[in-house]
Amino acid sequence: MVIFSVYVVNKAGGLIYQYDNYVPRSEVEKTFSYPLDLVLKHHDEKVIVSFGQRDGIKVGHAVLSINGADVMGKSTADGKDILEYLKDSSNYPVSIRFGRARLSSNEKLMLASMFHSLFAIGSQLSPEVGSSGIEMLETDVFKLHCFQTLTGIKFIVLADPRQSGIDALLRKIYEIYSDFALKNPFYSLEMPIRCELFDQNLKSALEVAEKAGNFGAGS
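What you see is a predicted model; the values in this text were computed from it and never measured. (Residues numbered from 1 in each chain as written. Predicted model: local features only at pLDDT ≥ 70, side-chain atom pairs only at ≥ 80, totals over all residues. Heavy atoms only, no water.)

Can you explain the pairing of strand S5 (residues 46–51)? Please cite residues and give values.
Summarising the sheet, strand S4 (residues 39–43) and S5 pair through five bridges and their orientation is antiparallel. Bridge assignment links Val 39 to a residue of S5, and that residue is Phe 51. Linking S4 back to S5 in an antiparallel pair, the connection comprises two residues, with Asp 44 at a positive phi of about 50 degrees. (Pairing = 2+ DSSP bridges. Helix = DSSP H or I, 4+ residues; strand = E, 2+ residues; numbered from the N terminus.)

Just give me the short version of the packing of helix H3 (residues 166–182) against helix H4 (residues 196–212), but keep the residues and values in it.
Two numbers describe how H3 lies on H4: the axes approach to 9 Å, and their chain directions differ by 160 degrees. Judged on the interaxial angle alone, H4 and H3 are roughly antiparallel. Taken as a pair, H3 and H4 cross one another with a handedness that is right-handed. Listed contacts from H4 to Leu 169, Lys 172, Ile 173, Ile 176, Tyr 177 and Phe 180 of H3 are Leu 197, Phe 198, Asn 201, Leu 202, Ala 205, Leu 206 and Ala 209. Partitioning the contact of H3 with H4 into residue classes produces eleven nonpolar, one polar and one charged. (Axes fitted to C-alpha atoms, helices over the stretch in contact; angles between N-to-C directions. Parallel < 35°, antiparallel > 145°, perpendicular 65-115°, else oblique. Left-handed = near helix turned anticlockwise from the far one by under 90°. Contact = heavy atoms within 4.5 Å. Nonpolar A, V, L, I, M, F, W, Y, C, P; charged D, E, K, R; others polar.)

Now, about the side chain of Gln 163: what can you tell me, with residues and values included?
Looking at where Gln 163 falls in the secondary structure, it is placed in the loop between strand S11 (154–159) and H3. A polar contact of 3.1 Å, which involves the side chain of Gln 163, links it to the backbone oxygen of Ala 209. (Polar contact = N/O pair within 3.5 Å; in protein donor to acceptor, adjacent residues only side chain to side chain.)

I'd like to hear about the pattern of salt bridges, residue by residue, with values.
Following the criterion strictly, the structure yields twelve salt bridges and no others. The partner of Lys 108 in a salt bridge is Asp 20, with the nearest N and O atoms 3.0 Å apart. One end of the pair, Lys 108, is in helix H2 (residues 105–125); the other, Asp 20, is in strand S2 (residues 15–20), and 88 residues separate them in sequence. Notably, a salt bridge pairs Asp 55 with Arg 54, separated by 3.1 Å at the nearest N-O pair. Of the residues examined, Asp 55 reaches a relative accessible area of 49% and is grouped as partly exposed. A residue is classified by how much of its surface remains accessible, and Arg 54, at 27% relative accessible area, is partly exposed. Here the residues in one salt-bridge network are Lys 30, Asp 37, Arg 54 and Asp 55, joined through shared partners. (Salt bridge = Lys/Arg side-chain N within 4 Å of Asp/Glu carboxyl O. Buried < 20%, exposed > 50% of the residue type's maximum accessible area, 1.4 Å probe, protein only.)

Dropping the structure here:
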């Protein structure tokens, strides 16, 4: 089984910790002749496919590298605008690697804040007083699990839908947070977690959970 990532969000909705445990690689590299038979556009500091799908390349995929060199946002490795570079027939044939671009730090901060708001909306929509808020969201490829402490800290795990024992894992992460972040004299509440022992113990807990497919109370 697979655990994709872990997020910790403070009571104000700020992202104070994030760890990508496993990032699926769905990338396609292909050599093109001129003219390029895909339509590309700038979007959020990236160059993405806006029209045309072929050979595993899909609308929304971003340009990740050109001729084996990773791109930098909207520019090639040597600083040229990607769209302008691909308009020049003298640059062909050209090898382009496409795939889903990883979320930037700013995007992760924004999404954590959005989930915090959705969690609050879920609590307010409840027909009963004292709702726990959103505990799980399910898609066809992953489940989002959330555990909120009494002090309002949210621990979020994204995992394979078949992964079991996530509730116990969330509480184990809370235990690790209490032992290695809160008890750290250099850590300030509500601030980003930068504790090496927290990192090490979190990674160990995720490894145990993945290997077992479960996370027992005695782990």
